[in-house]
Amino acid sequence: MIEFRNVDYIYEPETPYEMHAVKNVSFTIEAGEFVALLGHTGSGKSTLIEHFNGLLKPSSGSVLFHGTDIFSKEVSMKEIRSKIGIVFQYPEHQLFESTVLRDVCFGPKNMGLSEEEQKERAKAALTSVGLDESYYEMSPFELSGGEKRRAAIAGVLAMEPEALILDEPSAGLDPRGRDEILGLIRKLWQERGLTVVLVSHSMDEAARYAQRVIVMHEGVKKFDGPTREVFTHAKELEEIGLGVPSTVRIFSMLRARGEAFPADIDELSVEGAAQALLTHVLHKEGGHV
Amino acid sequence: MALIDILHLFHSFYRYDESGSVSGTKAALKDVTLSIEAGSFVAVLGHNGSGKSTLAKHINALFLPSKGDVKVNGRNTRDAGEVLLIRRDAGMVFQNPDNQMIANVVEEEIAFGPENIGVPTEEIWERVGDALERVGMTAYRMHSPDRLSGGQKQRVAIAGVVAMKPQCIILDEPTAMLDPMGRREVLRTLHELNEKEKITILLITHHMDETIDADRVIVMDDGEVVLDDVPSVVFSHVEELRSRGLDVPVATQLAYELRQKGLELPDGILSEEEFVEAYLKLCK
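Calculation rules
Residues numbered from 1 in each chain as written. Chains lettered and ligands numbered in written order. Predicted model: local features only at pLDDT ≥ 70, side-chain atom pairs only at ≥ 80, totals over all residues. Helix = DSSP H or I, 4+ residues; strand = E, 2+ residues; numbered from the N terminus. Rg over C-alpha atoms; globule rule 2.2 N^0.38 Å. Buried ≥ 20, exposed ≤ 12 C-beta atoms within 10 Å, placed from the backbone. Contact = placed C-beta atoms within 7 Å. Nonpolar A, V, L, I, M, F, W, Y, C, P; charged D, E, K, R; others polar. Core = buried A, V, L, I, M, F, W, Y, C linked by C-beta atoms within 7 Å. Domains from an automatic or database assignment. Axes fitted to C-alpha atoms, helices over the stretch in contact; angles between N-to-C directions. Parallel < 35°, antiparallel > 145°, perpendicular 65-115°, else oblique. Left-handed = near helix turned anticlockwise from the far one by under 90°. pLDDT = per-residue confidence, 0-100. Pairing = 2+ DSSP bridges.

Undergrad: With reference to specific residues and values, describe the overall build of chain B.
TA: A count of helices and strands for chain B gives 10 helices and 10 strands. Radius of gyration (C-alpha) of chain B: 20 Å, near the 19 Å computed for a compact globule of 284 residues. If one aligns the C-alpha atoms of chain B with their principal axes, the spans along those axes are about 65 × 55 × 40 Å. Here chain B holds 284 residues, and the buried ones make up 47% of them. Expressed as a percentage of contacts within chain B between residues at least 6 apart in sequence, the contacts between residues at least 24 apart total 63%.

Undergrad: Explain helix α3 (residues 106–116) of chain B to me, using residue names and the numbers behind them.
TA: Residue pairs three or four apart in sequence face the same way in an α-helix, which turns once every 3.6 residues. All names here are of chain B. Among the residues of α3, those classed as buried are Val106, Glu107, Glu109, Ile110, Ala111, Gly113 and Pro114. Tucked inside the fold, the buried residues of α3 contact α4 (121–134) and α5 (150–162). Gly118 sits one or two residues past α3 and shows a positive phi near 80°.

Undergrad: So what's going on with the interface of chain B and chain A? Residues and values would help.
TA: The partner chain A presents 26 residues to the 27 residues of chain B that form the contact. Contributions of two or more residues to the side of chain B that touches chain A are made by α6 (180–197), α9 (250–260) and α10 (272–283) of chain B. Broken down by element, the residue count for the side of chain B that touches chain A peaks at 7 residues, all from α10 of chain B. Looking at the side of chain B that touches chain A residue by residue, the classes come out as 16 nonpolar, 6 polar and 5 charged.

Undergrad: Lay out the nonpolar core with the relevant residues and their values.
TA: In terms of nonpolar packing, the biggest core is built from 152 residues, with Val104 and Ala154 of chain A together with Ala159 and Leu202 of chain B touching the most fellow members. Counting contributing residues, this core receives three or more from each of domain 1 (2–243) and domain 2 (245–289) of chain A. Filtering out sequence-adjacent residues up to four positions away, Ala159 of chain B remains in contact with Ile110, Ala131, Leu132, Val135 and Met137 of chain B.

Undergrad: Describe in detail the packing of helix α5 (residues 145–157) of chain A against helix α6 (residues 175–192) of chain A, supporting the description with residues and values.
TA: Residue and element names in this part refer to chain A. Between α5 and α6, whose axes approach to 10 Å, the crossing angle comes to 20°. The angle between the axes of α5 and α6 places the two elements in the roughly parallel class. Seen along the crossing, α5 lies across α6 with a hand that is right-handed. Across from Gly145, Gly146, Arg149 and Arg150 in α5, the residues of α6 making contact are Gly177, Glu180, Ile181 and Leu184. Of the residues that constitute the contact of α5 with α6, the class distribution is 2 nonpolar, 3 polar and 3 charged.

Undergrad: Give me the lowdown on the environment of Ala21 of chain A, citing residues and values where you can.
TA: Residue and element names in this part refer to chain A. Tracing the backbone shows Ala21 in strand β2 (residues 19–29). The class of Ala21 is buried, set by 20 C-beta atoms lying within 10 Å. Spatially, the C-alpha atoms of Ala21 and Val230 are 23 Å apart, while their sequence positions differ by 209 residues. Once residues lying within four places of it in the same chain are set aside, the contact partners of Ala21 are Tyr9, Tyr11, Gly44, Thr47 and Gly219.

Undergrad: So, the confidence of the model for chain B: which residues are in play, and what are the values?
TA: Per-residue pLDDT for chain B has a mean of 90; in total, 100% of the residues score no lower than 70. Scored as a whole, the predicted complex attains pTM 0.83, and scored at its interfaces, ipTM 0.76.

Undergrad: Please give an account of the sheet that holds strand β1 (residues 2–11) of chain A that cites residues and values.
TA: Residues and elements named next belong to chain A. Across the sheet, 4 strands lie side by side as β2-β1-β4-β5; this open sheet has antiparallel pairing. Edge positions in the sheet fall to β2 and β5 (68–69), since each of these pairs with one other strand and no more. With 7 bridges connecting them, β1 and β2 associate as antiparallel partners. Within β2, the position partnered with Val7 by the bridge is Val25.

Undergrad: Which residues make up the domain arrangement of chain A, and what are the values?
TA: Often, the extent of an interface is quoted as the loss of accessible area on bringing the components together. Residues and elements named next belong to chain A. Its domain assignment divides chain A into domain 1 (2–243) and domain 2 (245–289). When each unit is reduced to the centre of its C-alpha atoms, the spacing between domain 1 and domain 2 is 35 Å. Each partner contributes to the interface: domain 1 provides 8 residues, whereas domain 2 provides 7 residues. For the side of domain 1 that touches domain 2, the secondary structure elements donating two or more residues are α7 (203–209) and α8 (227–230). With 4 residues, α7 is the single largest residue contributor to the side of domain 1 that touches domain 2. The residue makeup of the side of domain 1 that touches domain 2, split by class, is 4 nonpolar, 1 polar and 3 charged.

Undergrad: Can you break down the pairing of strand β2 (residues 22–36) of chain B residue by residue, with the values?
TA: Residues and elements named next belong to chain B. Across 10 bridges, the pairing between strand β1 (residues 4–16) and β2 is antiparallel. Of the residues in β2, the one forming a bridge with Ile4 is Ile36. Counting the residues between successive antiparallel strands, the hairpin from β1 to β2 contains 5 residues, one of them, Gly20, with a positive phi of roughly 90°.

Below, the structure written as structure tokens:
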């Protein structure tokens, strides 16, 4: 559905501030995938996501949506931006209208929909993020941190996008707020078949939610594969300062100390890890009898 | 005498209607009594709205008690004449580094505090150099704060407080907006200041992994202190922490799940290494 072909991006080329932020990055994201885009600050991941809907134009290479270059003449950028919704970091800073409902109507309004349709879409979007009627007439500034963020996501959903790109949606939230927002994203993915790209620097988040992981480092795509497979590269991931989820690290320490575990255990979740560790000990005890 | 004494502290926020009369009250702190010893590293953990930031602002006299008392070095925050001395002794670092930077050059940023309290010029520069060294930012002395990373900005903010020669630094979620590398930098700096300079650290956070190495963890919920002990004891309350909207370290959670299933793993496991050692004993 979305394809990056040899994308390069250079900030302020031919000036003393020239910075080569993205270097020859290629990948394809299929409809309905849940992908985590990982990397720390300065790895190029934020620059990369501004390419998804044409906010940045590649210095070289191309970005394709359903097979067509998004910068070609026959493509309407307006349409691309409603089909590929980006939720930026701290999206609540972009809430500006006098009421929650009006704020969420902003996207559909820009798409040229009638007032009735705008409201219909906004209400549906608010319902899907768990904000009921009692929120419609509230000022966005009266909401809690987590609620503001959900309202901001509703603003993007109201455009009925095919793909949702989220830049660190859990940043600054407490554990409860984080679980709520990520749970919501997972639900949207499962129930509506939305394609999700989750930008994160939390390995645990990626392990818990994503099917596939793309790791960026110094502007280069370093790893790209199924989540479990990427996290087998523990050493390289540690070296670039990202690390692996806690459970994966525990298994790798145990293996280094001579304990053998089957290859097909679930190392990514606490529940799966606990099950594998339990089976392993019981098996050993059994062996002694 | 403890460095910080909090006695039966209550704090209420008021909501006003259009005519200016009180239309609602929210009790943010309810009868909090705590004392913090000089030289300790104390973490305060709680979800948003638990009252932890309100508590922090009391120690620095940014808020005054609705009821009860807060004393820093024996000075009561209610005593307007003592407020400047309290703020010198107990410096504060906030969540968003960008909101705290005022100067164009790092060294001027750090000089701002000491200059305000009338330190002689020569000594100011001495303090600036010293503070930069203690947070490991000497190489950035003449840089613009704009171009620093989040972690570096927070270290500059900490240096600004260090230059005031405080006895205590209170940090209100200083890492909430940082990436993992920035978080590690800031945490390392705080532990060094605590160990080498004996500065008391009060770290407000909702990242439980930042509290594992603290001397003491205080858990707040709904304006009250609900747990207050060394980390290994606090984190053994797995169910309680979860029900209060907090995480426990993964190693602790894993040990807990396995204990529930009958494995004899000890209480108080916090790190992955501790878990691995305890688990290997079972495999023998």
